[in-house]
Amino acid sequence: MNRNRLLDRFLRYVQIDTTAVADTNQYPSSPGQLYLGALLVDELRKTGVADARQDPNGIVFATLPPTVSHPVPTIAFCAHLDTSPETSGSNVKPQVIENYSGGDLPLPGNPHRVIRVAEHPELAAMRGRTLITSDGTTLLGADDKAGVAVIMEAATWLMEHPEIPRGPVRLCFTCDEEIGRGVEYLRPEMLASEVCYTLDGQGTDTIDVETFSADLAVLRIQGVNIHPGIAKGRMVNALRVAADFIARLPRTTACPEATEGREGFIHPFELRGGVAEARLELLLRDFDTATLARWADLLRQTAAATQAAFPQAKFELTITKQYRNMSEGLARDPRAVAYAQRALERIGRKASLASVRGGTDGSRLTEMGLPTPNLATGEHSPHSPLEWTCLEELIATVQWVIALVETWADSGQSNECAE
């Protein structure tokens, strides 16, 4: 593929502000997502993808036509246009570090922010490669514009090289994945494919085959507001009640700061309000879906204990389902993972299977019946101003996508698609 074109794509895409906005009913939640989606449609059409379009919800769809005459299952690739609201994605200034010589990476926009090897040990394997960071004042946006750039470059290369055998290949770019709404307006039948692959993973040559199951908890606390000068015995400060509730939650177990591997957690991540009313949002996460009910029960017990300490406060706790562990759905059609492994083998590499402590659009798509594992796409430290990526890892993922297209084309010729 074209190395410089891939780099240029990525640098252009990350400079478009597509930060998701949680507190809105609009979809997509930010205008930059519509702008980037329209740009991708224009670029795809220029490569000859005639059906590239952006639907009324901002989701981009396109189809690469087959180059083989024998029946081949249709496959799809998906990435999301938005970036995390946890760190600003406005006015991103990407820094390109050619031939990285090793050592810590100070970020020029903020002298207090340094990507340290001690905290990012994967940097030790990056000597001589091309790294890309932000200037430290924003995130970079490799999550998931690395995936967007990889799919776009692979699609362009495939259209430029019709001699590469392929069946029908669907492309999809979703919106608002970072706020849990990525497939709100997407259904498997809209992709009309047998399997899908999200390009939204960390590192390289890794297939995420298992994710957290996830629920969202919202606790609303109603206090009693009165002028603080006459508040004795009368005021119930909803913020103080919320702080008491949070203090009662586990701090050495069952929280992100104290868990790893397959351990789940409760994560209070946003508190808003004032004396009269407060709203607390919490993430419930676990690989074992049944454990989510245990976390919900713990929240109810904690609310009851806090209520006892503040009897005049009123509590309302709601739990909303978000997504489920994709492992069970992938087991129903093992080809999705097996062919991704085989594709790497045909280019001399070996895949690692991983459980990811998070979720993707693929979690929901798999739950809805479309097997959708997630492929590593060169992301490192996402959602952070210390986020970075490696151009060689992006190139490696483009190679993987092309090999995957060829592998599925081979399956049709050998009648493996009937498995």
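A short tour of the structure in this document, coming up. (Residues numbered from 1 in each chain as written. Predicted model: local features only at pLDDT ≥ 70, side-chain atom pairs only at ≥ 80, totals over all residues. Heavy atoms only, no water.)

**A short note on the overall build of the protein chain**
As a reminder, the rule being used: Only DSSP runs of H or I covering at least 4 residues are called helices, and only runs of E covering at least 2 are called strands; the numbering of each starts at the N terminus. C-alpha atoms define the radius of gyration, and 2.2 Å times the number of residues to the power 0.38 defines the globule rule. When accessible area is computed with a 1.4 Å probe and restricted to protein chains, residues below 20% of their type maximum are described as buried, those above 50% as exposed, and intermediate ones as partly exposed. Any two residues whose heavy atoms approach within 4.5 Å are treated as being in contact. Each accessible area value is a Shrake-Rupley result obtained with a 1.4 Å probe; residue values ignore everything except the protein chains displayed when judging cover. Positive charges come from Lys and Arg alone, negative charges from Asp and Glu alone, with His and the N- and C-terminal ends not counted. Here the site of a charge means NZ on Lys, CZ on Arg, CG on Asp, or CD on Glu.
Along the backbone of the protein chain there are 10 helices and 17 strands. For the protein chain, whose C-alpha radius of gyration is 23 Å, the value lies close to the compact-globule estimate of 22 Å for 419 residues. The dimensions of the protein chain, computed from C-alpha atoms along their principal axes, are 80 × 50 × 40 Å. Counting all 419 residues of the protein chain, 54% fall into the buried class. Sequence separation of at least 24 residues holds for 80% of the intrachain contacts in the protein chain that already meet a minimum separation of 6. Entry remark: accessible area of the protein chain is about 17,500 Å², with carbon and sulfur atoms responsible for 50%. Treating the 40 positive side-chain charges of the protein chain as one cloud and the 54 negative ones as another, the clouds have centres 5 Å apart.

**Comments concerning the side chain of T302**
Quick note on the threshold: Side-chain atoms alone can form a polar contact between residues adjacent in sequence; in general such a contact is a pair of N or O atoms within 3.5 Å, and within protein one must be able to donate a hydrogen while the other accepts it.
For T302, the location among the structural elements is in helix 6 (residues 289-309). A polar side-chain atom of T302 sits 2.7 Å from the main-chain carbonyl oxygen of L298. Sequence-distant contacts of T302, defined by excluding residues within four places in its chain, comprise F245, R248 and L249.

**Quick notes on the packing of helix 5 (residues 238-248) against helix 6**
Threshold: A fitted line through C-alpha atoms represents every axis, and for helices the fit uses only the stretch in contact; the resulting angles, taken between N-to-C directions, go from 0 to 180 degrees. These descriptions rest on fixed angle ranges, namely under 35 degrees for roughly parallel, over 145 for roughly antiparallel, 65 to 115 for roughly perpendicular, and the rest for oblique. For any pair of crossing helices, the crossing counts as left-handed if the nearer helix is rotated counterclockwise from the farther one by less than a right angle, and right-handed if it is rotated clockwise. Ten residues, namely Ala, Val, Leu, Ile, Met, Phe, Trp, Tyr, Cys and Pro, are considered nonpolar, four, namely Asp, Glu, Lys and Arg, are considered charged, and the remaining ones, Gly among them, are considered polar.
It is the contact of helix 5 with helix 6, at a shortest axis distance of 9 Å, that shows an interaxial angle of 135 degrees. When the axes of helix 5 and helix 6 are compared, the pair comes out oblique. Relative to helix 6, the crossing made by helix 5 is right-handed. Between helix 5 and helix 6, the contacting residues are V241, D244, F245 and R248 on the first element and L299, T302, A303, A305, T306 and A309 on the second. Here the residues of the contact of helix 5 with helix 6 are counted per class, giving 6 nonpolar, 2 polar and 2 charged.

**Some details on the sheet that holds strand 13 (residues 277-286)**
Threshold: Pairing between strands is defined by DSSP: at least two bridges between them are needed.
If you walk across this open sheet you meet the 4 strands as 12-13-11-14, and the pairing is antiparallel. Two strands in the sheet have a free side with no partner beyond their single neighbour: strand 12 (265-273) and strand 14 (314-323). Ignoring strand direction, the axes of neighbouring strands in this sheet form an average angle of 20 degrees. As defined by bridge partners, strand 11 (residues 213-222) adjoins strand 14 across 9 bridges and the pair is classed as antiparallel. Note that in strand 14 the partner of R220 across the bridge is E316. Contacts from helix 5 reach strand 11, strand 12, strand 13 and strand 14 within the one sheet, and its direction differs from that of strand 13 by about 20 degrees. Contacts between helix 6 and the sheet are confined to strand 11, strand 12, strand 13 and strand 14, with strand 13 contributing the most and set at about 150 degrees to the helix.

**Topic: the pairing of strand 10 (residues 206-211)**
The element strand 10 is largely enclosed, with a buried count of 6 among its 6 residues. Examined bridge by bridge, strand 10 and strand 16 (residues 374-380) share 2 bridges and lie antiparallel to one another. What sits directly across from I207, in strand 16, is L375.

**A word on the packing of helix 1 (residues 3-14) against helix 3 (residues 142-160)**
Interhelical geometry of helix 1 versus helix 3 gives an angle of 140 degrees and a closest axis separation of 9 Å. Judged on the interaxial angle alone, helix 3 and helix 1 are oblique. At the point where helix 1 passes helix 3, the crossing takes the right-handed sense. For the pair formed by helix 1 and helix 3, the contact residues are R5, L6, R9, F10, Y13 and V14 on the first element and A142, K145, A146, V148, A149, V150, M152, E153, T156, W157 and E160 on the second. Grouping the amino acids of the contact of helix 1 with helix 3 by side-chain chemistry returns 11 nonpolar, 1 polar and 5 charged.

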